[in-house]
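Residues per chain are reported as follows:
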Amino acid sequence: MDERAALERLAGRVPAAGDDCAVVEDLVLTTDMLHETTDFPRGVTRYTAGWRAVGASLSDVAAMGAAAHAALAVYAAPEFDEGLLDFVGGAQDVCEAVGASYVGGDLDTHEEFTVSTTAVGRTTDPILRSGAAVGEAVCVTGSLGRSGAALRLFEAGETERANDLFRFTPRIAAGRALRPYASAMMDVSDGLARSLHQLADASGCGFAVRSPLPIDESVDAVAEDREDRRELGASFGEDFELLFTVPETEFEAARNSTDVAVTQVGTVVEDGISLDDEPLLDRGYTHG
């Protein structure tokens, strides 16, 4: 089984799972695991790894419209050296960027650099994936494709620029600002295409998406052609922007509520996922 099949098998056993975070009273909680061979390309600094690993969990908190409270990390590596301090520095800085605290974790030795992170947030009114309604606007924050561009730059040996693109600010502030307007929300860590399918499954609807998508300018420097550019923007994943639905009458208010760019990319429909009237396949990032 791949990750998605395994999650489907577990759904009946763990009914509290299924959104970006579990909700326990006024808390939202999430945990993630990342490995060197699948999540950290050659050239990623330990500082970037700390920022990105903890940021990924904080992004889940953002997707619930919650305030970020605290984060922890398990750090496992063949040996402990200065890289550990760099990692913690990145973890602390991404927490500080969103008003959260990095409060520690655990250390272990392991043959492969491996990280497990946990983030905790607070909200009395979490946004779930299940509230989208036909006729609403479907929107994304920010731009797509940064991580795909970063991977190409890592492969080309342009590690300084790649590390910069690999560090992102979790959309905590945007998620909180959008909470009064959004009917459903999740982050696009698995890519826009796959996230649309996941949101559609949760809400029992479909999406009709239109070009142009808000693809990051960094993609233009590495894309081979227009098709490759769209692939990096729509299907690569690991961008950690927010995908949400909002009533058309609330779109302008939602867009003006946050300093982050908000783009309407389509409309909620009865069924089917399409991009420019062509089926948009369920393709995106899958953990090994």
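Residues numbered from 1 in each chain as written. Predicted model: local features only at pLDDT ≥ 70, side-chain atom pairs only at ≥ 80, totals over all residues. Heavy atoms only, no water.

### Digging into a negative patch on the surface
A surface patch of negative charge is lined by Glu 79, Asp 81, Glu 82 and Asp 86. Of note, Asp 81 is situated in the loop between strand S3 (67-77) and helix H4 (82-97). (Patch = residues over 30% accessible without salt bridge, like charges linked within 9 Å, V, L, I, M, F, W, Y side chains within 5 Å. Areas by Shrake-Rupley, 256 points an atom, 1.4 Å probe, with all protein chains shown as cover. Salt bridge = Lys/Arg side-chain N within 4 Å of Asp/Glu carboxyl O. Lys, Arg positive; Asp, Glu negative; His and termini not counted. Charge placed at Lys NZ, Arg CZ, Asp CG, Glu CD. Helix = DSSP H or I, 4+ residues; strand = E, 2+ residues; numbered from the N terminus.)

### Describing the pattern of salt bridges
Going through the model one piece at a time under the given rule, you end up with ten salt bridges. Notably, a salt bridge pairs Glu 238 with Arg 52, separated by 3.5 Å at the nearest N-O pair. One end of the pair, Glu 238, is in the loop between helix H9 (226-234) and strand S9 (242-246); the other, Arg 52, is in helix H3 (residues 46-63), and 186 residues separate them in sequence. Its relative accessible area of 1% is what places Arg 52 among the buried residues. Residue Asp 277 is joined to Arg 210 by a salt bridge in which the shortest nitrogen-to-oxygen separation is 3.1 Å. Here the residue Asp 277 occupies a position in the loop between strand S11 (273-275) and strand S12 (278-279), and Arg 210 occupies one in the loop between strand S8 (206-209) and H9, the gap between them amounting to 67 residues. According to the relative accessible area criterion, Asp 277 is exposed, its value standing at 56%. (Buried < 20%, exposed > 50% of the residue type's maximum accessible area, 1.4 Å probe, protein only.)

### Observations regarding the domain arrangement of the protein chain
On domain assignment, one finds that the protein chain holds domain 1 (3-122) and domain 2 (137-279). Together, the buried faces of domain 1 and domain 2 total about 2,200 Å²; carbon and sulfur atoms form 58% of this surface. The interface formed by domain 1 and domain 2 contains ten residue pairs in polar contact (both at pLDDT 80 or more). Those elements that provide at least two residues to the side of domain 1 that touches domain 2 are H3 and S3. Residue contributions to the side of domain 1 that touches domain 2 peak at twelve residues, all from H3. (Domains from an automatic or database assignment. Buried area = accessible area lost by both parts, 1.4 Å probe. Polar contact = N/O pair within 3.5 Å; in protein donor to acceptor, adjacent residues only side chain to side chain.)

### Structural notes on the sheet that holds strand S4 (residues 101-109)
Judged by pairing direction, the sheet is mixed, and its five strands sit side by side in the order S1-S2-S5-S3-S4 without closing on themselves. Either end of the sheet is taken by a strand with one partner, and the two such strands are strand S1 (22-24) and S4. With direction set aside, neighbouring strand axes in the sheet form an average angle of 20 degrees. Bridging between S3 and S4 involves seven bridges; their strand directions are parallel. Bridge assignment links Ala 77 to a residue of S4, and that residue is Thr 109. Packed on one face of the sheet, H3 meets strand S2 (27-35), S3, S4 and strand S5 (114-122) and runs near 40 degrees to S5. (Pairing = 2+ DSSP bridges. Axes fitted to C-alpha atoms, helices over the stretch in contact; angles between N-to-C directions. Contact = heavy atoms within 4.5 Å.)

### Re the side chain of Asp 60
Residue position: Asp 60 is located in helix H3. Here Asp 60 is buried and forms no salt bridge, its nearest opposite-charge partner Arg 129 lying at an N-O distance of 6.0 Å. Setting aside anything within four residues of it in sequence, one finds Asp 60 in contact with Asp 20, Cys 21, Thr 30, Asp 32 and Asp 187.

### Examining the UniProt feature "binding site: Mg(2+) 2" (unreviewed entry) in the protein chain
The feature "binding site: Mg(2+) 2" (unreviewed entry), as annotated in UniProt, sits at Asp 32 and Asp 60 in this numbering. Across 29 residues, the annotated set stays spatially compact, with a maximum C-alpha separation of 9.7 Å. Along the chain, Asp 32 turns up in strand S2. When neighbours within four sequence positions are excluded, Asp 32 is seen to be in contact with Ala 56, Ser 57, Asp 60, Val 115, Ser 116 and Thr 117. Within the structure, Asp 32 has its side chain in polar contact with the side chain of Ser 57 (distance 2.6 Å). Given a relative accessible area of 9%, Asp 60 falls into the buried group. (UniProt positions renumbered as here; feature names shortened; annotations may be inferred.)

### Things to note about the sheet that holds strand S10 (residues 262-269)
Strand pairing in a sheet relies on backbone hydrogen bonds, with the paired strands running either antiparallel or parallel. Reading across from one edge, S7-S9-S6-S10-S8-S11-S12 is the order of the seven strands in this open sheet, with mixed pairing throughout. Bordering the open sheet on either side are strand S7 (184-187) and S12, each of which pairs with just one other strand. Pairing between strand S6 (residues 137-141) and S9: four bridges, direction antiparallel. By the bridge assignment for S9, Ala 137 is matched with Val 246. Along the sheet, H3 contacts S7 and S9; its crossing angle with S7, the most-contacted strand, is approximately 175 degrees.

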